[in-house]
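Below are the chains, spelled out letter by letter.
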2 protein chains.
Amino acid sequence: MHDTTADPWSATALDVQRRLSSLRESGEPGAVATVVGVEGSAYRRPGAKMVLTPEGDHLGGITAGCLEGPVVDLAGRVFESGEPVIETFDLMDDDEWGLGLGCNGVIDVLVEPVDDSWDPVLAALDAGESVATVTAVDGDAPLGARAVVRTDGSVTAPSDRTGLPDAVVEAIRDEAVDCAETGTWIARTVTTDEGDVTVFVDGVEPAPEMLVFGGQPDTGPVSSLARHVGFAVTVATARGGHADPERFPAADEVVSLRPADLDEHVDERTAVVLMSHNKLDDELALASVLETDAPYVGLMGPRERFEQIREELAADGVEFTDEQLARVATPVGLDVGGGEPVQIALSIVSEALAVLNGRGGGRLRDREGAIHGEREIIVDD
Amino acid sequence: MHDTTADPWSATALDVQRRLSSLRESGEPGAVATVVGVEGSAYRRPGAKMVLTPEGDHLGGITAGCLEGPVVDLAGRVFESGEPVIETFDLMDDDEWGLGLGCNGVIDVLVEPVDDSWDPVLAALDAGESVATVTAVDGDAPLGARAVVRTDGSVTAPSDRTGLPDAVVEAIRDEAVDCAETGTWIARTVTTDEGDVTVFVDGVEPAPEMLVFGGQPDTGPVSSLARHVGFAVTVATARGGHADPERFPAADEVVSLRPADLDEHVDERTAVVLMSHNKLDDELALASVLETDAPYVGLMGPRERFEQIREELAADGVEFTDEQLARVATPVGLDVGGGEPVQIALSIVSEALAVLNGRGGGRLRDREGAIHGEREIIVDD
């Protein structure tokens with residue numbers, strides 16, 4: 001289902017991350033294009049990335065399609081020189097009968113080589129940790145000069161390219177930690193004795209995770225759709241004989257777990273979906289994952305089934321707090337109708353994504369205020 | 001993306017319909033399993049179908065996976081005898097440590113050969129029309145005796161199997177027309193001079209359609225996800241040079257259309273998504289499709305862009321009625337967050353499905369009443 005060869009625009013941040021890892025492992029050349037500035041209404045926001053190879057392949061889309069040609073050309077310059085480049089594209093929709101890009105925005109794109117400045121980023125993501133890159137995009141430092149800042153404030157400088165001047169790193173470090181922790185970005189101009197340096201700070205979070213508990217075939221559509229929209233997916237089956245990766249080819253991992261041990265695979269980034277179709281298994285699994293920080297615990301089945309499970313757990317002395325109950329989604333899913341397995345999967349995966357993004361899943365036309373997230377800090381001073 | 005070979009549970013009603021058509025065209029043997037009765041809470045509702053072949057392949061899932069083995073066995077009996085069979089499965093969850101099917105329901109499954117009784121059904125669906133099958137499932141008529149009733153009340157009897165007695169057809173015809181028109185089902189026992197016959201009336205509607213207007217690459221994730229969840233998808237590009245089917249492999253059709261001619265491809269079953277990224281093209285397209293019965297018209301872009309479009313159309317003397325405005329979804333999509341192209345596609349396709357199903361998005365846990373549709377009439381007398 002998730003075939004990024006057929007459609008590079010369907011690639012997610014997780015696909016981009018994995019391609020970067022494989023390029024670093026193989027030592028093959030690659031380039032990364034990142035949106036580092038937007039004025040007006042653009043298709044993707046700052047931080048959106050695309051990976052390119054010298055053969056002209058690309059993974060990910062940073063616009064609706066209008067800029068990928070020019071960005072491939074920019075990448076050609078990067079492959080030739082080994083140096084980062086930056087370009088501003090003005091997509092203001094003043095030529096309605098022309099190319100008609102219609103993005104109504106001005107977009108700055110940084111294109112840079114896949115070099116060792118990415119290693120601490122990939123290492124952090126692999127360890128499930130957030131990180132921020134701080135990159136010079138203008139002023140009195142070489143374009144692309146970089147530092148990588150972890151959430152504990154520690155900093156790594158690259159060897160393959162110029163590091164960011166220490167004074168700039170020190171001035172921006174606290175804000176970079178904040179960007180890493182919140183997955184947001186900022187652009188800042190820092191004044192030092194050596195001059196002014198404008199940096200783009202890009203908070204990068206690990207991909208969201210989904211743990212699907214259930215070995216029945218209806219686990220398949222849920223796990224493949226979740227993977228398709230950017231979750232790293234683990235399928236957990238309660239019964240050893242079912243833990244066959246070939247049955248869930250879209251899953252990143254298929255494990256066999258006792259329901260009471262589900263908590264070991266869950267953290268504050270994990271959406272959990274309980275669909276074992278076995279009431280006792282779901283009951284044990286629910287009690288286990290609600291002890292973790294999982295922000296979303298979807299439970300398949302009607303409301304009455306959940307009430308039965310609660311009563312049975314209460315009889316065993318297990319009572320849930322309001323905070324725990326608030327994380328339980330049952331009946332699971334957004335209210336989109338349609339009873340086919342893929343439609344049920346759509347409903348579940350949409351709800352999990354909404355909850356992880358702090359959204360409510362209703363219609364955007366009925367939402368007040370901006371449709372992009374509140375988590376984004378847009379500052380340019 | 002939509003690979004039903006890899007995962008038969010991801011097959012939709014549209015896939016089942018197409019497989020039936022190809023079996024009828026090739027003359028190869030096949031069987032159809034249909035849920036014809038449910039007591040309690042089952043995974044799929046009456047009318048859910050699965051197509052099986054003598055090789056043991058199946059497309060579609062009528063349970064979460066617990067019954068497919070037994071249904072494959074039932075189909076074996078059908079291939080041997082050429083006669084329909086029916087079986088009742090009791091999935092009541094009283095054996096929590098056993099197989100643990102957990103469906104908490106009793107489910108009746110009819111398995112019947114793919115014979116000429118399907119031809120009028122497939123012909124109607126191909127013509128974009130609804131239809132109802134009326135099938136004897138108990139009583140004083142051969143099991144599987146059938147009539148097909150169209151929305152104009154005309155009836156076709158099969159040659160390959162026994163037709164339903166005329167008196168039964170007459171008694172049920174009006175209700176069958178109603179089931180066809182609403183895509184619902186009923187079970188009824190009809191008393192005639194020849195005895196009592198219980199029939200299952202199965203209203204079958206053509207698959208929902210999505211018309212995606214836009215030739216940019218971001219059309220790809222939308223069209224492939226829409227196809228994956230059961231829409232028949234047409235991609236319309238305004239610029240002739242882009243109407244290349246290879247660019248949108250998931251689409252059923254790729255056409256090049258002037259935006260003002262979009263109405264020709266739209267009826268009351270079509271969800272329209274306008275994402276040309278060209279304001280004037282979207283404007284002409286919007287004016288065109290709002291003259292049709294399209295129940296959903298999603299318009300990509302911020303609210304202000306729609307206001308500009310309205311003002312420009314008003315200056316040309318085009319004013320929308322409240323009824324027309326109510327069908328416009330802008331900003332398009334459900335509020336799930338995430339700015340990647342596949343996540344935008346998820347948001348759009350979820351909203352289109354919800355609107356076509358008369359749902360509001362939002363979380364099922366916050367919905368009052370039953371989570372299954374109001375359109376379903378459950379009568380068994």
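Everything numeric here is computed off the predicted structure, so don't read it as measured data. (Residues numbered from 1 in each chain as written. Chains lettered and ligands numbered in written order. Predicted model: local features only at pLDDT ≥ 70, side-chain atom pairs only at ≥ 80, totals over all residues. Heavy atoms only, no water.)

> Is there a simple way to explain the overall build of chain A in this structure?
Secondary structure assignment for chain A yields nine helices and 16 strands. Here chain A holds 381 residues, and 58% of them are scored as buried. Of the contacts formed within chain A by residues at least 6 apart in sequence, a portion of 60% connects residues at least 24 apart. As presented, chain A carries roughly 14,600 Å² of accessible surface, and 46% of it is formed by carbon and sulfur atoms. (Helix = DSSP H or I, 4+ residues; strand = E, 2+ residues; numbered from the N terminus. Buried < 20%, exposed > 50% of the residue type's maximum accessible area, 1.4 Å probe, protein only. Contact = heavy atoms within 4.5 Å. Areas by Shrake-Rupley, 256 points an atom, 1.4 Å probe, with all protein chains shown as cover.)

> Hey, could you run me through the pairing of strand 2 (residues 49-52) of chain A in this one?
It is a general feature of regular strands that their side chains alternate between the two faces of the sheet. All names here are of chain A. Neither face of strand 2 is exposed, since Lys49 and Val51 on one face and Met50 and Leu52 on the opposite face are all buried. Of the strand pairs in this sheet, strand 1 (residues 31-40) and strand 2 are connected by four bridges, and their pairing is antiparallel. Its bridge partner lying in strand 2, Thr34 is registered against Lys49. Across two bridges, the pairing between strand 2 and strand 3 (residues 58-59) is antiparallel. Its bridge partner being in strand 3, Val51 is matched across the sheet by Leu59. (Pairing = 2+ DSSP bridges.)

> Honestly, the interface of chain B and chain A in this entry has me stumped. Any pointers?
In many reports, interface size means the accessible area that the parts give up when they come together. Between chain B and chain A, the contact holds 81 residues from the first and 81 residues from the second. Between chain B and chain A, roughly 6,900 Å² of surface is buried when both sides are summed, and carbon and sulfur atoms account for 51% of that area. Residue Arg359(B) pairs with Asp335(A) through a salt bridge whose shortest N-O separation is 2.4 Å. Applying the counting criterion to the chain B and chain A interface returns 30 residue pairs in polar contact (both at pLDDT 80 or more). (Buried area = accessible area lost by both parts, 1.4 Å probe. Salt bridge = Lys/Arg side-chain N within 4 Å of Asp/Glu carboxyl O. Polar contact = N/O pair within 3.5 Å; in protein donor to acceptor, adjacent residues only side chain to side chain.)

> Just to check I follow, could you spell out the relation of the copies chain B and chain A for this structure?
Each of the two chain copies can be generated from the other by rotation about an axis followed by a shift along it. Overlaying chain B on chain A yields an RMSD of 0.0 Å, the required transformation being a rotation through 180° with an accompanying axial translation of 0.0 Å. Here the symmetry operator amounts to a two-fold rotation axis. Taken as a fraction of all interface residues of chain B, those also at the interface in chain A reach 99%, which identifies the copy contact as same-surface. (Least-squares fit on C-alpha atoms with pLDDT ≥ 70 in both.)

> Would you take a moment to explain the packing of aromatic side chains for this structure?
Aromatic rings in a pair are described by how distant their centres are and how their planes are angled relative to each other. A full pass over the atoms with the stated rule returns two aromatic pairs over all chains. Of note, Arg146(A) hangs over the ring of Trp118(A), and the distance from its end group to the ring centre comes to 4.7 Å. (Phe/Tyr/Trp six-rings, centres within 6.5 Å; stacked < 30°, edge-to-face > 60°. Lys NZ or Arg CZ within 6 Å of the ring centre and 35° of its normal.)

> Explanation requested: the packing of helix 6 (residues 279-289) of chain B against helix 7 (residues 303-315) of chain B in the structure shown.
Any two packed helices are characterised by how steeply their axes cross, that is the angle between the axes, and by the distance between the axes. Residue and element names in this part refer to chain B. Look at helix 6 against helix 7: their axes get within 10 Å of each other, and the N-to-C directions meet at 65°. Classified by the interaxial angle, the pair formed by helix 6 and helix 7 is roughly perpendicular. Crossing of helix 6 over helix 7 shows right-handed handedness. Of helix 7, the residues touching helix 6 (which contributes Lys279, Asp282, Glu283, Leu286 and Ala287) are Arg305, Phe306, Gln308, Ile309, Glu312 and Leu313. Residue classes in the contact of helix 6 with helix 7 are distributed as five nonpolar, one polar and five charged. (Axes fitted to C-alpha atoms, helices over the stretch in contact; angles between N-to-C directions. Parallel < 35°, antiparallel > 145°, perpendicular 65-115°, else oblique. Left-handed = near helix turned anticlockwise from the far one by under 90°. Nonpolar A, V, L, I, M, F, W, Y, C, P; charged D, E, K, R; others polar.)

> I'm lost on the environment of Thr53(A) in this one. Help?
All names here are of chain A. Examined against the element boundaries, Thr53 turns out to sit in the loop between strand 2 and strand 3. A relative accessible area of 10% means that Thr53 is categorised as buried. Here the alpha-carbon distance between Thr53 and Pro29, two residues 24 residues apart in the chain, equals 6.5 Å.

> Which parts of the structure should I look at to understand unusual backbone geometry?
Working note: non-glycine residues mostly have negative phi, and peptide bonds are mostly trans. Residues and elements named next belong to chain A. Here Thr330 and Pro331 are connected by a cis peptide whose omega angle stands at -5°. Its location among the elements puts Pro331 in the loop between strand 16 (328-329) and helix 9 (341-356). Unlike most non-glycine residues, His277 shows phi in positive territory, near 65°. By relative accessible area, which is 9% here, His277 ends up buried.

> For this particular structure, what's the right way to read the environment of Asn357(A)?
With respect to the helices and strands, Asn357(A) occurs in the segment after helix 9. Under the relative-accessibility criterion, Asn357(A) is labelled partly exposed at 25%. The contact partners of Asn357(A), leaving out residues within four places of it in the chain, are Val336(B), Gly337(B) and Gly338(B). Within the structure, the side chain of Asn357(A) is placed 3.0 Å from the backbone oxygen of Val336(B), a separation counted as a polar contact.

> Is there a simple way to think about helix 5 (residues 219-228) of chain B in this case?
A turn of α-helix holds 3.6 residues, and therefore any two residues three or four places apart point the same way. Of all 10 residues in helix 5 of chain B, 10 are buried, a share of seventy percent or more. Buried-residue contacts for helix 5 of chain B involve helix 5 (219-228) and helix 9 of chain A together with helix 1 (13-26), strand 11 (209-213), strand 12 (232-237) and helix 9 (341-356) of chain B. Backbone geometry just downstream of helix 5 of chain B places Gly230(B) in the positive-phi region, at approximately 115°.

> Looking at this structure, how should I read the side chain of Arg367(B)?
Here Arg367(B) is to be found in the segment after helix 9. A polar contact of 2.8 Å, which involves the side chain of Arg367(B), links it to the side chain of Asp335(A).

> Explain the sheet that holds strand 2 of chain A to me, please; I cannot follow it from the model alone.
Hydrogen bonding along the main chain pairs the strands of a sheet, whether they run parallel or antiparallel. All names here are of chain A. Ordered in space as 3-2-1-5-4, the five strands form an open sheet in which the pairing is antiparallel. The open sheet terminates on both sides in strands that have one partner only, identified here as strand 3 and strand 4 (85-90). Taken together, the six bridges between strand 4 and strand 5 (residues 105-113) define a ladder with antiparallel strand orientation. Within the sheet, the bridge partner assigned to Ile86 lies in strand 5 and is Leu110. Across the face of the sheet, helix 1 (residues 13-26) comes into contact with strand 1, strand 2 and strand 3 while running at roughly 35° to strand 2.

> In this structure, what is going on with the confidence of the model for chain A? I would like to understand it.
Caution applies to low-pLDDT regions: their predicted coordinates should not be interpreted in detail. All names here are of chain A. Across chain A, the average pLDDT comes to 89, with 90% of residues at 70 or higher. Low pLDDT, under 50, characterises residues 94-102; the stretch is placed with 16 contacts to residues that sit more than four places away or in other chains. When the criterion is pLDDT under 50, residues 373-381 qualifies, and its contacts beyond four places in sequence or with other chains add up to 21 contacts. (pLDDT = per-residue confidence, 0-100.)

> Can you help me understand helix 1 of chain A in this one?
Residues and elements named next belong to chain A. Taking 1.5 Å per residue as the helical rise, helix 1 with its 14 residues ought to reach 20 Å, and the 20 Å between its terminal C-alpha atoms agrees with that figure. Among all positions in helix 1, only Leu14, Asp15, Val16, Gln17, Leu20, Ser21 and Leu23 are buried. Packed against the buried residues of helix 1 are strand 1, strand 2, strand 3, helix 3 (119-126), helix 5 and strand 12 (232-237). Downstream of helix 1 by a residue or two, Gly27 has a phi angle that is positive, lying close to 75°. (Expected span 1.5 Å × (residues − 1).)

> Sorry if this is basic, but what is going on with the pattern of salt bridges here?
A side chain of one charge can pair with a side chain of the opposite charge if their charged atoms are brought near each other. All names here are of chain A. Scanning the model with the defined rule gives 40 salt bridges over all chains in all. Across the pair Arg227 and Asp15 runs a salt bridge whose closest N-O atoms are separated by 2.8 Å. Residue Arg227 is found in helix 5, and its partner Asp15 is found in helix 1; the two are separated by 212 residues along the sequence. Since its relative accessible area comes to 9%, Arg227 is described here as buried. Measuring nitrogen to oxygen at the nearest pair gives 2.7 Å for the salt bridge that ties Arg24 to Asp119. Note that Arg24 is positioned in helix 1 and Asp119 in helix 3, a separation of 95 residues in sequence. The class for Asp119 is partly exposed, based on a relative accessible area of 32%.

> Would you mind going over the nonpolar core with me for this structure?
Nonpolar side chains tend to gather and get buried jointly when the protein is soluble and globular. Ranked by size, the top nonpolar core spans 62 residues in total, and within it Met210(A), Phe231(A), Met210(B) and Phe231(B) carry the most contacts. Aside from chain neighbours lying at most four places away, what touches Phe231(A) is Leu14(A), Pro208(A), Glu209(A), Met210(A), Ala226(A), Asp252(A), Ala271(A), Val349(A), Ala352(A), Leu353(A) and Leu356(A). (Core = buried A, V, L, I, M, F, W, Y, C linked by side-chain atoms within 4.5 Å.)

> Teacher, can you tell me more about the sheet that holds strand 14 (residues 270-274) of chain A here?
All names here are of chain A. The strand order across the open sheet formed by six strands is 13-12-11-14-15-16, and the pairing between neighbours is parallel. At either end of the open sheet lies a strand with only one pairing partner, and these are strand 13 (253-256) and strand 16. Here strand 15 (residues 296-299) runs beside strand 16; their pairing, made up of two bridges, is parallel. In the sheet register, Gly298 faces strand 16, and the bridge partner there is Ala329. Packing of helix 5 onto the sheet brings it into contact with strand 11 (209-213) and strand 12, and relative to strand 12 it is tilted by some 160°.

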